[in-house]
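Coordinate inspection notes
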Amino acid sequence: MITKALIMDDKAIARAVVRIAHEIIEKNKGIDNIVLVGIKTRGWPLSLKLAKMIEEIEGSVVPVFPLDVTYYRDDYDDKDVEAPLSVKSFDYNVKDKSVILVDDVLYTGRTVRAALDAIVDQGRPKNVELAVLIDRGHRELPIRADFIGKNVPTSRSERISVLFEEIDGISQVVIKEK
């Protein structure tokens with residue numbers, strides 16, 4: 001795949017994180033009873049960035065947890081295998097909490113559906129909101145984001161790659177094409 005376009009650089013990502021953090025605080029009228037859940041792999045570092053920004057703004061720490069949804073995916077073939085440890089270790093009681101589900105890219109909605117199943121296995125939250133850095137469209141399920149860094153209309157042949165300094169050594173969002 002070749003890089004077609006740079007969508008966001010590190011400064012644009014940082015601005016989006018600040019904006020999303022403010023929107024989360026405003027919509028929830030503060031941070032009481034909020035829990036951030038970052039979908040692995042790249043939703044996790046994004047959730048950490050949001051938690052840090054929310055702490056800077058509000059002066060209080062927000063609980064943040066990683067979530068591996070592999071076992072809950074509808075394309076996961078080996079349902080007879082025990083759930084991965086990362087799902088079992090997400091043992092925070094979400095009952096009556098506002099869960100902010102965080103992912104890097106919203107595409108078909110299938111990953112979010114899997115994450116919702118995993119969260120509900122931990123209890124019944126008060127509500128679940130979705131924060132994404134990029135919404136690229138092409139939904140297969142009736143899922144929408146509550147907080148969006150950037151809307152990027154794409155074709156199905158294109159791919160959005162989100163890179164974070166912590167994982168990839170550089171922070172940027174690019175469109176790639178075959």
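Below, the structure is looked at part by part. For every chain, the first residue of its written sequence is number 1, and the numbers climb from 1 along that sequence. Residue-level local features of this predicted model are given only where pLDDT is at least 70; pairs of side-chain atoms are given and counted only at 80 or more, and the full residue set underlies all totals for whole chains, interfaces and linings. For side-chain calculations, the full set of non-hydrogen atoms in the structure is used, while hydrogens and water are omitted.

Observations regarding the overall build of the protein chain
Convention followed: Think of it this way: any DSSP run of H or I at least four residues long counts as a helix, any run of E at least two long counts as a strand, and we number them from the N terminus. With the radius of gyration taken over C-alpha atoms, the globule rule is written as 2.2 Å times the number of residues to the power 0.38.
Across its full length, the protein chain carries 5 helices and 8 strands. Moving toward the C terminus, one meets the helices and strands of the protein chain in the order β-α-β-α-β-α-β-α-β-β-β-α-β. On C-alpha atoms alone, the protein chain measures out to a radius of gyration of 16 Å, which is about the 16 Å that the 2.2 N^0.38 rule sets for 178 residues. Overall, the C-alpha framework of the protein chain stretches about 45 × 45 × 30 Å when taken along its three principal axes.

Comments concerning unusual backbone geometry
Of note, the bond from K40 into T41 is cis; its omega dihedral lies within 30 degrees of zero at 15 degrees. Note on placement: T41 falls in the loop between β2 (34–39) and α2 (43–58). Phi at D96 is positive, roughly 65 degrees, even though this residue is not glycine. One non-glycine residue with positive phi stands out, namely H138, at about 65 degrees. With respect to the secondary-structure elements, H138 resides in the loop between β5 (127–135) and β6 (147–151).

Overview of the sheet that holds strand β8 (residues 172–177)
Applied cut-off: Any two strands with at least two DSSP bridges between them are considered paired. What counts as an axis is a line fitted to C-alpha atoms, over the stretch in contact for a helix, and the angles between N-to-C directions run from 0 to 180 degrees. Working rule for contacts: check all heavy atoms of both residues, and any pair within 4.5 Å makes them a contact.
Spatial strand order, β1-β8-β7: 3 strands in an open sheet with antiparallel pairing. The outermost strands of the open sheet, each flanked by one partner alone, are β1 (2–8) and β7 (158–163). In this sheet, neighbouring strand axes are inclined to one another by 30 degrees on average, regardless of whether the strands run parallel or antiparallel. In the sheet, β7 pairs with β8 via 6 bridges, with the strands oriented antiparallel. What sits directly across from L163, in β8, is Q172. Of the strands in this sheet, β1, β7 and β8 are in contact with helix α1 (residues 10–27), which crosses β1 at around 45 degrees.

Digging into the pattern of salt bridges
This is how it is decided: The salt bridge definition used is simple: a Lys or Arg side-chain nitrogen within 4 Å of an Asp or Glu carboxyl oxygen. Each residue's exposure class comes from its accessible area (1.4 Å probe, protein chains only) as a fraction of the maximum for that residue type: buried when under 20%, exposed when over 50%, partly exposed otherwise.
In the structure shown here, the tally under the stated rule is 12 salt bridges. In this structure, E177 and K4 form a salt bridge, with 3.8 Å as the shortest nitrogen-oxygen distance. Here the residue E177 occupies a position in strand β8, and K4 occupies one in strand β1, the gap between them amounting to 173 residues. Using a relative accessible area of 26% as the deciding quantity, one classes E177 as partly exposed. Between D146 and K27 there is a salt bridge, and its shortest N-O distance comes to 3.2 Å. Here the residue D146 occupies a position in the loop between β5 and β6, and K27 occupies one in helix α1, the gap between them amounting to 119 residues. Taken together, the shared-partner salt bridges connect K27, E129, R144 and D146 into one network.

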